[in-house]
Amino acid sequence: MLAWLFGTLASAAPLPAPLDHTSAIGLSTGFLQETQGPLTLPEAMAAYREGKFAPGKAPVLNFGIGAEPVWIHFAVDNPTAAPVHKKLSIEIAWLDRIEVYFRSQDGTVATHRAGDRQAFKQRPLASRYFVFDHAFGAGISDVFIRVETPDPMVVPIYLLNPETSRIRQTQQELSYGAVYGFLLALLAYNALLFASLRSSRYLSYAIYLAMFMAMNIAYTGHGYAWLWPESLAWQQWSNPILMYLYGVSGLVFAIRFLDLQVYFPRARKAVIAFCAAFGVLLAATFLLDSQTVALLAAFSFAFLFTGIMLFLGIISVHAGQKPAKYFLIAALAAMVGALLTTLSTWGFIPHNSWTFRAVEIGMLLDATLLALALAYQFRVGQEERLRAEQLAQLDPLTGLNNRRAFYDKTNALWSQAVRHAHPTSVMLFDIDRFKQINDAHGHAHGDDVLKAVARMLRDSVREEDILARWGGEEFIVFLPETGREKGMALAERLRAAIAGLHVPGEAGDTRVTASIGIAQAESEHYTLDALIASADECLYQAKQQGRNRVTGSLAGQVTI
């Protein structure tokens, strides 16, 4: 009894059982690492009574990766006569073996064993963390906990009232639901974009999000609780493997998004070699069943991965890639989050809810910014495609519609005119003696003449008319809702305007004239090409009759 009392007095002050301890209780604990082989409970108790337990120096005890097994002790004081029900929660999901001993002055009253080496259904309570119910009797009780794991030995211990524990768990699950819901929505959206657009950028981004979620549910314990509760082997190796796959998927996305094959082919090869080297290392640790080395390799890979993503963003921004600005900021957010989580897990900075979940916050920012970057790329791509389509329908010299655009824009008008018997005409222009202009003044001046005529026609035709360069020195105008008389009057006005043009050149101004053929649609014109052929015949007649004139046709007759 005296030995038990001496040990209790030598340790930190007991925790009052009636109070809610909403923060981790590491500062109220003592610990002893097994440096000379495993200790039994009596041996650990003896070491405690001898004062060999060091006091906890942080709210969350953290011993790093591959640490020796540790014994943790704390005392609980129940000043009342009635038992006080509490939930002891170790809020970390990857500890392999946990032994919990509750002792009163009369001896050990309860023993529990848990950890990832057991199937999920064998846990005392169905929780992704390790949770134990206990009713503390009157007086002072001791709690001894033994923890063993090759993973990062982070031991956040909470002692809560049942209702407080339930509320805390609900709040945590709601926050994870918000994170997973947001990421799932982004994943589904990008998967749909890939299915419709067949762009590998969207597929690689969706895989990147999926790998982050898989990694996250593995180390938070959701995977063991929801997806693989009976798979002990996968639970042991899921963290290093999914960390590696997450990094690889992120680098594959970077290769696609930043077009490394085009802009930085050597950087692309270096990234592939980096992934392959760590893949071989991870495979070797698996074959050698060295989980500690695998975890060190995976954490190192994840740390270097964030640095590489940042480096790729910097060089891409420097190369002038506009979407890379989003990528760079996203990579920086992800890097800061991953760095904080890694350092807190390794024990270099304090472990708390913010540092442990910093990687999720960073990833949410990363995912949002990359989604904006992909949207920006999509918009730029659409604008470029639209610009290309527009250029494909424009004559590059005059800026007028080309022959393809002429047909595209007149097909519906022609069909409507035929269906409803609306008056419709077509006008063909040919610049007179254009070959002589080229021969006398050069092709550059000839181009100036074509552009001058095109400008005049563009400014002179009606809004509803369809003007195009038909080829060479020929132009065409489709005249909807226009009969013979109205069309002839417009053609004459255009001929006179062309005849008034003076195109300046090195040898002086060049006067320009044009011959015009115009045909009105009649029953004999079954197609638009047939109507154009009639206008071309009239144009030929105008040329034969002296040029600089308008010739029209009506029901097979040619009029001047």
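Residues numbered from 1 in each chain as written. Predicted model: local features only at pLDDT ≥ 70, side-chain atom pairs only at ≥ 80, totals over all residues. Heavy atoms only, no water.

Student: Just checking my understanding: could you explain the nonpolar core for this structure?
Tutor: In a soluble, globular protein the nonpolar side chains are often hidden away together inside. Membership of the largest hydrophobic core comes to 101 residues, with the highest contact counts inside it found for Phe74, Leu88, Ile90, Ile145 and Leu312. Those residues in contact with Leu312 that lie beyond four places of it in its chain are Leu251, Ala254, Leu258, Leu260, Ala267 and Val271. (Core = buried A, V, L, I, M, F, W, Y, C linked by side-chain atoms within 4.5 Å. Buried < 20%, exposed > 50% of the residue type's maximum accessible area, 1.4 Å probe, protein only. Contact = heavy atoms within 4.5 Å.)

Student: Please clarify how the sheet that holds strand β12 (residues 157-160) should be interpreted in this entry.
Tutor: Working definition: the strands of a sheet are paired by backbone hydrogen bonds and lie parallel or antiparallel to each other. Strand order in the open sheet formed by 3 strands is β9-β6-β12, and the pairing between neighbours is antiparallel. Each edge of the open sheet carries a strand with a single partner, namely β9 (130-136) and β12. The mean angle between the axes of side-by-side strands here comes to 20 degrees, regardless of whether they run parallel or antiparallel. Bridge count for strand β6 (residues 84-90) against β12 is 4 bridges, and the pairing is antiparallel. The residue of β12 that forms the bridge with Leu88 is Leu159. Contacts from helix α3 (residues 162-197) reach β6 and β12, with the element oriented near 125 degrees to β12. (Pairing = 2+ DSSP bridges. Helix = DSSP H or I, 4+ residues; strand = E, 2+ residues; numbered from the N terminus. Axes fitted to C-alpha atoms, helices over the stretch in contact; angles between N-to-C directions.)

Student: I keep staring at the packing of aromatic side chains and nothing clicks. Help me out?
Tutor: Any pair of aromatic rings gets described here by the distance separating the centres and the angle formed by the planes. Throughout the structure, instances matching the rule amount to 28 aromatic pairs. When the ring of Phe274 is compared with that of Phe301, the centres are 5.0 Å apart and the planes differ by 10 degrees; the resulting orientation is stacked. Linking Phe274 in helix α8 (residues 265-287) with Phe301 in helix α9 (residues 291-318), this pair joins segments that are 27 residues apart in sequence. Accessibility assignment for this pair places Phe274 and Phe301 in one class, buried. Ring geometry for Tyr407 and Trp470: centres 5.9 Å apart, planes at 55 degrees, overall tilted. In this pair, Tyr407 is assigned in helix α13 (residues 403-420) and Trp470 in strand β14 (residues 466-471), connecting sequence segments 63 residues apart. We classify Tyr407 as partly exposed; its relative accessible area is 24%. Trp470 sits in the buried class, given a relative accessible area of 10%. Of the aromatic side chains, those joined through ring pairs into one cluster are Tyr205, Tyr208, Phe212, Tyr246, Phe253, Phe257, Phe305 and Phe327. (Phe/Tyr/Trp six-rings, centres within 6.5 Å; stacked < 30°, edge-to-face > 60°.)

Student: Explanation requested: the environment of Gly26 in the structure shown.
Tutor: With respect to the helices, strands and loops of the structure, Gly26 is situated in the loop between β1 (15-16) and β2 (30-33). Taking C-alpha positions, Gly26 is 5.7 Å from Ala58, a pair spaced 32 residues apart along the chain. Residues within four places of Gly26 in sequence aside, it is in contact with Gly56, Ala58, Pro59 and Leu61.

Student: Even after reading the chapter, I still don't get the side chain of Asn78, so can you show me in this structure?
Tutor: Residue placement: Asn78 occurs in strand β5 (residues 70-78). Residue classification places Asn78 among the buried residues on the basis of a relative accessible area of 2%. There is a polar contact of 2.6 Å between the side chain of Asn78 and the side chain of Thr80. At 3.2 Å, the side chain of Asn78 and the backbone oxygen of Gly137 are in polar contact. The contacts of Asn78, once residues within four sequence positions are left out, are Ala17, Pro83, Val84, Phe136, Gly137, Ala138 and Gly139. (Polar contact = N/O pair within 3.5 Å; in protein donor to acceptor, adjacent residues only side chain to side chain.)

Student: I would appreciate a short explanation of the packing of α13 against helix α17 (residues 528-544) in the present structure.
Tutor: Geometrically, a packed helix pair is captured by the angle between its two axes and the distance between the axes. Look at α13 against α17: their axes get within 11 Å of each other, and the N-to-C directions meet at 110 degrees. It follows that α13 is roughly perpendicular to α17 by the angle criterion. Mapping the contact onto sequence places Phe406, Tyr407, Thr410 and Trp414 in α13 and Leu528, Asp529, Leu531 and Ile532 in α17. The residue makeup of the contact of α13 with α17, split by class, is 6 nonpolar, 1 polar and 1 charged. (Parallel < 35°, antiparallel > 145°, perpendicular 65-115°, else oblique. Nonpolar A, V, L, I, M, F, W, Y, C, P; charged D, E, K, R; others polar.)

Student: Got a minute to help me understand the environment of Ile361 in this structure?
Tutor: Structurally, Ile361 can be placed in helix α12 (residues 358-392). By relative accessible area, which is 38% here, Ile361 ends up partly exposed. Put simply, Ile361 and Ala338 are 23 residues apart on the chain and 9.3 Å apart in space, counted from C-alpha to C-alpha.

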